[in-house]
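Coordinates in review
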Amino acid sequence: MAKNKKSRNHEKKDARKGRKSGSSQALINLSKDLSEKGRRPPMPFSDFLDLTADRPEFVFRDIFRLFYDMVHYYIPEGVDEYGGSEDSIGYVHYDTSRLLVKKCDNPFFADRPFANRLMDLTNAFKEGGARNNNIFLFEGPPGSGKSTFLNNLLFKLEEYIRLEEGTIYKTYWRLDIEKLGGLQQFKRAMRKVADENGEEQLFHGSCGPNAGPFRYPKTHLEFSCPKHDHPILQIPKENRKKFLDDLISDPHFKEKLFNEKEYEWVLTEIPCSICRSIFFSLVDILGDPLEAYKMIYARKAHYNRQFGEGITIFNPGDPLNKRPISRPNLQHMINNLVKADRVEFVFSDLAKTNNGVLALMDIKDNNVNRLINLHGIISDGVHKVSLVEEHIKSLFVGLINPADRKHYEQIPSFKDRIITVKIPYVLDYNTEVAIYKNKFGRAIRSKFLPTILENVAKIIISSRLNRDCPAIKKWIPNPEKYGKYLDKHCMLLKMDIYTGKIPPWLKEEDLKSFDQPARRAVIGASEREGVKGFSGRQSLLIFQELLTKCSKFDHLITMDMAISFFKKDELYNKEIPEGFLDSIGDMYDYNVLQEMKEAIYHFSESQISRDIKNYLFAINFEIGATEKCEYTGDIIDISEEYFEHIEAIFLGNNSKSDEQISFRKDLHSEYITKTLAQEIRLKERPIEETEQFKALFEKYTKNLKEYSLVPYLENENFRRAILDYETTDFKTYDKRLKRDVSQLMSNLTGKFNYSPEGAKQICIYVLDKDLAKKY
């Protein structure tokens, strides 16, 4: 027993040692990680100049270029469906998840209209069109996520500046005490100051927020410029251009440096009064500017929102502070070292965000006064601190509700200083769905039939859109032709366009007339939408209620269930445009019919490809000719009947002769000028890889699919075979029907993401509602 007890004691002791060893190693690893991330060793000015000569574009970054680089670091290059062609309006799909979603406590999901506004603003920072002398207000209604957006944006800026890619430098001083008179002389001078001020102990908390009782610096007095001055500003302004011309060898960069708005600050800005006073005092003492420059270092700047360093955010209730900030102890030490009283170590709280970001969370209460007080600084970039001029260049941003514009609209001088960026409720249904999935889990999609989740989002968004859209009316004067599946306000069409999608059901003449001005006008309508209707918070409550009520049933949530949910609630129904719920039901019916047609469609793609190649060749010849196609080797009798047959597939059976002739002429022009001249001859592409061939192939197959269900509509065995699919009874059907139903089910699950149960459910829905006859 005693041995067992002793053994157990040893085991416990060993276990404690093991835990202690493990915890020690964990602390060691943490310490290494923090040391690596937190190290910011000052760089001698001469080394900084070497770096400047090697990488000037990296070194010369102010807050506006830093912001631009940060946004482009987190957001990859966008996708433009028009491929940068002359038809593009620059309405690009950007993936903003790395900037505003990932690693953020409260993700912000930017829809496509807002993402484009953000990128336009960001790009303007680099181009020089929107820089200092402005404040940028993100305006949106309550519940649009403004605060979440700005918090996440500034969090990522704080994170980025800690990365190597986000390095930005500030001036750091290391005053050499020996060169400036020696430590003992410095101590005597400081003791005299202490005696004159009646201080028993010299100083406490000398230079930093966490410093303890004062200790005399042994070799150097070290401190940062409180205004984060860029080190290059320590070269006198009047000498700076020639100095940089001598320093930098890259002629291409020098051309930009001396001429572009982005780099204007490098040549025009001056150092703060503190740095300037110290430098000229050092020159007076040392007699040689080169010796003074040896005491200047460059240090990597860190932004810290918590301490208001580099990033400061003011909430409306935060008290106003007009008192200057001073460091009397540090000022005494500096003045004793440089043997002068010219250094007045005083600055404003705005200095802490010089070359950083100052943000106002909502323009109300005390933030109204802050905005008004900033007017002079925004306009001129300078203000007085005591008797000293302080130059400030910050990125000033704020959040505002539309109702709070009254606080500055009546001030005429503000009109050209405030740049407003709209941040409305979400208008892109894909983004709305992403918000639901983030809130309720990605598994919620499995509770719905495919596309129902997107349609619920469209119903929510319909409450946020304006009923009238002049841009769409001008583009499509008679939208009634789409009345079987499009709402009378064309909201479903507009929603697709906001996501970057051109609906496949648009007729040829409307696709053709949807040119650059028309697209720009329709997309521009988003600037005036999203300020009413269901807010972001309301939409989450509505969606949760829908889930609770509709998930009780055994089946997946259907379109009929979703429509019924909104129709039965009087408050919800009142916010939704009249007739919209019926129209979205019709559009859903149309779309699932197209899915079923495509799923059962089977034609020879090689034969379709052959038909298109022959047609593209034939349009180059006159009626009555007989030619051998150089793409297929087929002999073609080029006649009106030949063109009518194939063009009826492209344009529909009801297309008229003049439509077909116009279509043929347009294709011929494109074939000669682009397909043949540029893609085939210049880029040496095979004809099947040209853009024209691909577009015609898609149009041809799409129209063939229109008739793919016809053979099955009157076949009762087809419906029964669907119900019996994957049961033993399925084996009793004939070989061809089993093949077609198997292909139908396989494509619905593979291409359109239906579950096996959902695939059966949607097929029976299409057949029982006789949708093929409806459309």
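Above this note sits the structure.
Residues numbered from 1 in each chain as written. Predicted model: local features only at pLDDT ≥ 70, side-chain atom pairs only at ≥ 80, totals over all residues. Heavy atoms only, no water.

What follows covers the overall build of the protein chain. A tally of helices and strands in the protein chain yields 34 helices and 15 strands. For the protein chain, the C-alpha radius of gyration of 35 Å lies well beyond 28 Å, the compact-globule estimate for 775 residues. Its C-alpha atoms give the protein chain principal-axis dimensions of roughly 110 × 90 × 60 Å. Taken across its 775 residues, the protein chain has 50% of its residues classed as buried. Residue pairs at least 24 apart in sequence account for 75% of intrachain contacts in the protein chain once pairs closer than 6 positions are excluded. Entry remark: accessible area of the protein chain is about 39000 Å², with carbon and sulfur atoms responsible for 49%. Averaged over its 118 positive side-chain charges, the protein chain has a centre that lies 8 Å from the centre of its 115 negative ones. (Helix = DSSP H or I, 4+ residues; strand = E, 2+ residues; numbered from the N terminus. Rg over C-alpha atoms; globule rule 2.2 N^0.38 Å. Buried < 20%, exposed > 50% of the residue type's maximum accessible area, 1.4 Å probe, protein only. Contact = heavy atoms within 4.5 Å. Areas by Shrake-Rupley, 256 points an atom, 1.4 Å probe, with all protein chains shown as cover. Lys, Arg positive; Asp, Glu negative; His and termini not counted. Charge placed at Lys NZ, Arg CZ, Asp CG, Glu CD.)

The biggest cluster of nonpolar side chains holds 90 residues, and the ones touching the most others in it are Leu493, Phe566, Phe718 and Ile722. Here this core takes 11 residues from helix 26 (residues 580-600), the largest share from any one element. Those residues in contact with Leu493 that sit more than four places away from it in its chain are Ile472, Trp475, Ile476, Leu486, Pro503, Trp505 and Leu506. (Core = buried A, V, L, I, M, F, W, Y, C linked by side-chain atoms within 4.5 Å.)

Below, the discussion takes up unusual backbone geometry. Here the phi dihedral of Glu684 falls at roughly 55°; this positive angle occurs in a residue that is not glycine. Assignment of secondary structure puts Glu684 in the loop between helix 29 (657-682) and helix 30 (691-705). Glu684 gets classed as exposed once you look at its relative accessible area, which sits at 68%. Look at Asp770: it is not a glycine, yet its phi comes out positive at around 55°. For Asp770, the position within the fold is in the loop between helix 33 (756-768) and helix 34 (771-774). Classification of Asp770 as partly exposed rests on a relative accessible area of 35%.

This next bit is on the sheet that holds strand 5 (residues 296-300). One open sheet accounts for 4 strands, arranged 1-5-3-4; its pairing is antiparallel. Two strands lie at the open edges of the sheet, namely strand 1 (43-44) and strand 4 (220-224), each paired on one side alone. (Pairing = 2+ DSSP bridges.)

For the coordinates displayed, the defined rule picks out 46 aromatic pairs. Ring geometry for Phe448 and Phe543: centres 5.9 Å apart, planes at 20°, overall stacked. One end of the pair, Phe448, is in the loop between helix 17 (429-440) and helix 18 (452-462); the other, Phe543, is in helix 23 (residues 536-550), with 95 residues separating them in the sequence. On the basis of relative accessible area, Phe448 is assigned to the buried category, the value being 4%. Pairing Phe534 with Tyr572 gives two aromatic rings, centres 6.1 Å apart and planes at 85°, and the pair type is edge-to-face. Residue Phe534 is found in the loop between helix 22 (516-524) and helix 23, and its partner Tyr572 is found in helix 25 (residues 570-575); the two are separated by 38 residues along the sequence. Through pairs of rings, three or more aromatic residues link up here, namely Phe45, Phe48, Tyr169, Phe279, Phe280 and Tyr293. A cation over a ring is seen here: Arg174 above Tyr297, with NZ or CZ 5.2 Å from the ring centre. The ring centre of Tyr429 lies 4.5 Å from the NZ or CZ of Lys458, which sits over that ring. (Phe/Tyr/Trp six-rings, centres within 6.5 Å; stacked < 30°, edge-to-face > 60°. Lys NZ or Arg CZ within 6 Å of the ring centre and 35° of its normal.)

Here the focus is the sheet that holds strand 6 (residues 311-314). One open sheet accounts for 5 strands, arranged 6-9-12-2-13; its pairing is parallel. What marks the edges here is a single partner per strand, and that holds for strand 6 and strand 13 (418-422). Adjacent strand axes in the sheet meet at a mean angle of 20°, parallel and antiparallel pairs treated alike. Note: strand 6 against strand 9 (residues 357-360), 4 bridges, orientation parallel. (Axes fitted to C-alpha atoms, helices over the stretch in contact; angles between N-to-C directions.)

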